[in-house]
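# Structural features, examined
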Amino acid sequence: MARSKHQADTLTKMNAKFLAVGSFYMKSRNLFMIVGDLLEGSVEPGAQVIIDIGQGFRLSAPIEGVEVIDVTYQNKTYLGLAIDDEGEPEHQEILAALRIGDEYVEIEIREVLP
């Protein structure tokens, strides 16, 4: 299938659904963490997390890593999606201002087309 020059040179391979229960900024590692449960699919570093910020706008950010987060007082284990700040502090400020929690977020794993 031919692509126009305006189409991205990526192809979405798989989507996953993640229920975010909270988020926080980890200053020591310059990472923003979205914490929750993976409901469908799988997640891996390099995937994109897609956050609906309302009024038809969506924010996309690359996942640098996936970590296990133990919440001992709840006796519960969650996944943490580590979002790198890409060296730009304003990215972290935007993510922190969203107060992501108690919502579904999409995860897209894309491959670069030759």
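What comes next concerns the included structure. (Residues numbered from 1 in each chain as written. Predicted model: local features only at pLDDT ≥ 70, side-chain atom pairs only at ≥ 80, totals over all residues. Heavy atoms only, no water.)

### A short note on the overall build of the protein
Let me state the cut-off plainly: Numbering of helices and strands runs from the N terminus; a helix is a DSSP stretch of H or I covering at least four residues, while a strand is a stretch of E covering at least two. Whether a residue is buried, partly exposed or exposed follows from its accessible area with a 1.4 Å probe, protein chains only, as a fraction of its type maximum: under 20%, in between, or over 50%, in that order. We call two residues in contact whenever any of their non-hydrogen atoms come within 4.5 Å of each other. Per-residue and other accessible areas were derived by the Shrake-Rupley procedure at a 1.4 Å probe size, with only the shown protein chains allowed to occlude residues.
From N to C terminus, the protein includes 1 helix and 6 strands. Mapped in sequence order, the helices and strands of the protein form the string β-β-β-β-β-α-β. Among the 114 residues that make up the protein, the fraction classed as buried is 32%. Considering only contacts within the protein whose residues lie at least 6 apart along the sequence, 57% involve residues at least 24 apart. Counting every atom, the protein has about 7,400 Å² of accessible surface; 50% of that belongs to carbon and sulfur.

### Side note on the side chain of glutamine 48
Rules: Under this definition, polar contacts are N or O atom pairs within 3.5 Å; protein pairs additionally need one hydrogen-donor-capable and one acceptor-capable atom, and for neighbouring residues in sequence, both atoms have to be side-chain atoms.
For glutamine 48, the position within the fold is in strand β3 (residues 48–54). Taking the relative accessible area as the measure of exposure, glutamine 48 reaches 17% and is therefore buried. A polar contact of 2.7 Å, which involves the side chain of glutamine 48, links it to the side chain of serine 60.

### Some details on the pattern of salt bridges
Note the following rule: Salt bridge, as applied in this entry: a Lys or Arg side-chain nitrogen positioned within 4 Å of an Asp or Glu carboxyl oxygen.
Tallying each qualifying case throughout the model produces 3 salt bridges. Between glutamate 67 and arginine 29 there is a salt bridge, with its nearest N and O atoms 2.7 Å apart. On the criterion of sequence distance, the pair formed by glutamate 67 in strand β4 (residues 57–71) and arginine 29 in the loop between β1 (10–26) and β2 (31–40) is long-range, its members being 38 residues apart. Residue class for arginine 29 comes out partly exposed when judged on its relative accessible area of 41%. For glutamate 106, the salt bridge identified is with arginine 58, shortest N-O distance 3.0 Å. With a gap of 48 residues between them, glutamate 106 in strand β6 (residues 103–112) and arginine 58 in strand β4 connect regions that are remote in the sequence. Given the relative accessible area of 49%, arginine 58 is considered partly exposed.

### Comments concerning unusual backbone geometry
In this structure, asparagine 75 takes a positive phi of about 55° despite not being glycine. Counting through the fold element by element, asparagine 75 comes out in the loop between β4 and β5 (76–84). Of note, the phi angle at aspartate 102 is positive, near 50°, even though the residue is not glycine. Judged by its relative accessible area of 70%, aspartate 102 falls in the exposed class.

### Section: the nonpolar core
The tendency in soluble globular proteins is for nonpolar side chains to be buried as a group. Put simply, the test is: What makes a nonpolar core is a set of buried Ala, Val, Leu, Ile, Met, Phe, Trp, Tyr and Cys residues whose side-chain atoms join them at distances within 4.5 Å.
If you look at the biggest cluster of nonpolar residues, it comprises 18 residues, and the most contacted ones within it are Ile34, Val49, Ile63, Leu81, Ile83 and Ile107. For this core, the elements supplying multiple residues, two or more each, are β1, β2, β3, β4, β5 and β6. In contact with isoleucine 83, not counting residues within four places along its chain, are Asn30, Leu31, Phe32, Ile34, Val49, Ala61, Pro62, Ile63, Gln92 and Leu95. Ranked by size, the runner-up nonpolar core spans 8 residues in total, among them Met26, Ile69, Tyr78 and Ala82.

### A closer look at the pairing of β4
For a regular strand, side chains alternate in direction, first toward one face of the sheet and then toward the other. For the record, the criterion: Strand pairing requires that DSSP identify at least two bridges connecting the strands.
For β3 and β4, the ladder comprises 6 bridges, and the chain directions are antiparallel. Across the sheet, the residue bridging to aspartate 52 is arginine 58, located in β4. Between β3 and β4, which pair antiparallel and follow one another directly, the connecting turn spans 2 residues, one of which, glutamine 55, has a positive phi of 50°. In this antiparallel pair of consecutive strands, β4 and β5, the connection spans 4 residues, and asparagine 75 shows a positive phi of 55°.

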